[in-house]
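Structural description and commentary
If you want the building blocks of each chain, they are given just below.
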Amino acid sequence: MNNDELKNTAIATQCIQGGYIPGNGEARTMPIVQSTTFKYDKAADLAAAFNLEVPTPMYSRLGNPSLSWLEEKIALMEGGVGALTTASGQAAIFYAVMNITKAGQHILAMTNLYGGTHTLFGSTLPKMGVEVTFVHPEMPAEEMKTYIRPETRCIYCEMLGNPALDVLDLDKMAAIAREAQVPLIVDNTFPTPYLCQPIKHGANIVVHSATKYLDGHAVALGGVIVDGGNFDWNNGKYPELTTPDVDYHGLVYSEAFGPAAYIAKIRAGLLRDVGATMSPFNAFLINLGCETLAVRMQRHSENAQKVAEYLAQHDKVEWVRYPGLKGDPSYELAQKYLPKGCSGVVTFGVKGGAAEAQKVIDSIKLITLVTHVGDLRSHMIHPASTTHRQLDDAAMIEAGVYPNQIRFSVGIEDIDDILADVEQALAQV
Ligand code: PLP
C-alpha cells in the first residue's frame, strides 16, 4: 500500500506501515540516508530543486529522505497535509509561531504550557518584539476573545498541559480561532496522534516534542510540525503566504503549494535560515519509536490509570491529577477527546510540602529521577525545583505547578512492580 491508500487504515497500522514505502528490491525498513548532500546530473535539475519545483533533496539542512519518510508518517497519523521535522520540540514550536509572526505582532497563549515553551513565549519572543498574552485555558470563550487583537497571529495551546494535565477544550478553542481568523496551534506531545488527533477537531497546526512518546525510548531529540491544510491563508491577514516572497525569488506559497503553503514556507524560510534540522539518525530512531506507538500508548494509559487510582486512595497523598480519574476537573473533556486513554503522565501532591515530595523522589528504586516524560521506563520529577523553577510563584500556580507536586511519567513495566516502588517510597515520608 502507498501512503494515500494507508489514509483509509487505522492509526495502529499507519504507525507501522506509513511513511517509508519500499520499492521492488529495496530495504524493507526505513534506511538512514547519512549524507549531507545529493548528486544531480544537470545544472537544470539542481536549479529546479532550488526553485522548489520538484520535491527532491539538495542539502540535508533543508530536507533529507529519512526526514521526509518520518514526516510523511507523522502527517498521515495526525491527518495533516504535510509535516516538517526539527532538531527538537522547542525548535518546532519556535518555527510554528515565527513562520507567521514578526516584531510588532502578538500571539495568544495559554498559562498551562510546558515550562520551556512558557519561557520561549514569555521571555525570548518579547525580546524579538513579539508580544504574548497568557490566558487560562478554562477562561470562558467570550472573555478570551477580548484578548485577541488585530495583530494577533495565532492561538497556542497544549492538548494535555505539561504538567497540570488539563485537557484542552478543542471545540471551544477552534471556534475562537475560527472567529478571529487566526490558526489554532496545538502541542499534541502528551496524547500523541494515537490518543488524539487535534486536526480532526478543528486545530490547524499540530506540534510535537518527538523526544517524548514518539521516540518513546529516551534516545533521540526531535520535533515535528504538522500542517492541517485546513486554514484559509487567503483571508487577507497573511500576506507572507499569499504574496511574492522576495527572499525566495518571488515565490507565492499559497499558489505553489496550495493547502500545504504554511509548512512549505517554514522549510523555505526558517529551516533554511536557522537550520534546526533533525539528524537522519534521529529520524530513524523516532520512526522506530512510532512503529510501536499504538501498543505503548495503550499500556502507558492503562498503567497510568491504575497508578492514579492507587494514589487517589493513599493516605500520604493530598491530591492526584489524571484526566482518566473520575472526578478529575478534566474527566468530561477526556471522555470526549481522549476516549482511548489519557496517556502516561500522572501528577500528585505529597502531604506535607516540597521536602516530603523530594523525600519520595529520593526513595524510589525502580522508578528513576530524570528530566523527561514519555519514556517506556517510569520516571519522576519535582517540577517546582526543576522544569518550572524559572517561573515566579504566581506563574507557577497558573501553570498548575505546586511545591508538593511530583510529576510521574508512568512507564510500561509490570504494574505491580511500579506500584510496589511507589508504595515503599511513600512509606519513607
Ligand atoms: N512540548 C512539551 C509538551 C514538552 O513536554 C516539551 C519538553 O518537555 C517540549 C514541548 C519541548 O520539546 P524538546 O525537549 O524536544 O525541545
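Please refer to the structure higher up on the page.
About the criteria used
Sequence order sets the numbering: in each chain, residues are counted from 1 along the sequence as written. With pLDDT at 70 or above as the cut-off, local features in this predicted model cover only qualifying residues; side-chain atom pairs require 80 or more to be listed or tallied, and sums for whole chains, interfaces and linings still use all residues. Computation of side-chain values: all heavy atoms of the structure, hydrogens and water removed. Here a strand is any run of E in DSSP of at least two residues, a helix any run of H or I of at least four, and the numbering for each starts at the N terminus. For this analysis, residues touch if any pair of their heavy atoms sits within 4.5 Å. Stacked, edge-to-face and tilted labels apply to pairs of Phe, Tyr and Trp rings (six-membered ring for Trp) whose centres lie within 6.5 Å, assigned for plane angles under 30 degrees, over 60, and everything in between, in that order. Relative accessibility thresholds used throughout: buried, under 20% of the residue-type maximum; exposed, over 50%; partly exposed, between the two (1.4 Å probe, protein chains only). Only lysine NZ and arginine CZ atoms are considered, and such an atom sits over a ring when it is within 6 Å of the ring centre and within 35 degrees of the ring normal. A molecule or strand has a residue near it when one of that residue's heavy atoms lies within 4 Å. Polar contacts, as used here, are pairs of N or O atoms within 3.5 Å; protein pairs need one atom able to donate a hydrogen and one able to accept it. Residues neighboring in sequence count only if both atoms are side-chain atoms. Throughout this entry, Asp, Glu, Lys and Arg are counted as charged residues, while Ala, Val, Leu, Ile, Met, Phe, Trp, Tyr, Cys and Pro are counted as nonpolar. The remaining residues, Gly among them, count as polar. Each axis is a line fitted through C-alpha atoms, taken for helices only over the stretch in contact, and angles between the N-to-C directions span 0 to 180 degrees. In this scheme the handedness of a crossing depends on how the near helix is turned from the far one: anticlockwise by less than a right angle means left-handed, clockwise means right-handed. At least two bridges found by DSSP between two strands is the condition for calling them paired.

Some details on the environment of Pro65
Summarising the element assignment, Pro65 is placed in helix α4 (residues 65–78). It is 9.8 Å that separates the C-alpha atoms of Pro65 and Ser35, two residues lying 30 residues apart in sequence. What Pro65 contacts, discounting residues up to four positions off in sequence, is Val33, Phe38 and Pro57.

Concerning the packing of aromatic side chains
Applying the stated criterion across every chain, the model contains 10 aromatic pairs. Between Tyr20 and Trp69, the ring centres sit 4.8 Å apart and the planes meet at 70°, which makes this aromatic pair edge-to-face. A residue pair is termed long-range when its members are at least 10 positions apart, and Tyr20 in the loop between α2 (11–17) and α3 (43–50) and Trp69 in helix α4 qualify at 49 residues. When its relative accessible area of 10% is taken as the criterion, Tyr20 is described as buried. Ring pairing ties together the aromatic residues Phe231, Trp233, Tyr238 and Tyr262, which thus form one cluster. Positioned over the ring face of Tyr194 is Lys340, at 3.8 Å from the centre of the ring.

Some remarks on the site of the ligand
Taken together, 15 residues surround the ligand, and among them Asn162, Asp187, Ser209, Thr211 and Lys212 come closest. Separating an oxygen atom of the ligand from a side-chain N or O atom of Asn162 is a distance of 2.8 Å. Between the ligand and Ser209, the relevant distance is 2.8 Å, taken from an oxygen atom to a side-chain nitrogen or oxygen of the residue. Considering each element in turn, the shell around the ligand owes the most residues, three residues, to helix α5 (residues 89–98). Here the shell around the ligand is composed, by residue class, of four nonpolar, eight polar and three charged.

Structural notes on the packing of α5 against helix α12 (residues 261–274)
Across the interface, α5 lies against α12 with an axial gap of 10 Å and an inter-helix angle of 115°. Crossing angle aside, the handedness with which α5 passes α12 is right-handed. Contact residues: Tyr95, Ala96 and Met98 in α5; Tyr262, Ile266, Leu270, Leu271 and Val274 in α12. The residue makeup of the contact of α5 with α12, split by class, is eight nonpolar, no polar and no charged.

So, the sheet that holds strand β11 (residues 379–381)
Backbone-to-backbone hydrogen bonds pair the strands of a sheet. The strands run either parallel or antiparallel. Taken in spatial order, the five strands of this open sheet run β8-β9-β12-β11-β10, and their pairing is mixed. Strands at the two margins of the open sheet, each flanked by one partner only, are β8 (317–321) and β10 (368–369). For β11 and strand β12 (residues 405–409), the ladder comprises three bridges, and the chain directions are antiparallel. Following the sheet pairing, Ile381 is matched in β12 by Arg407.

Spatial relationships are all this shows, so hold off on functional conclusions.
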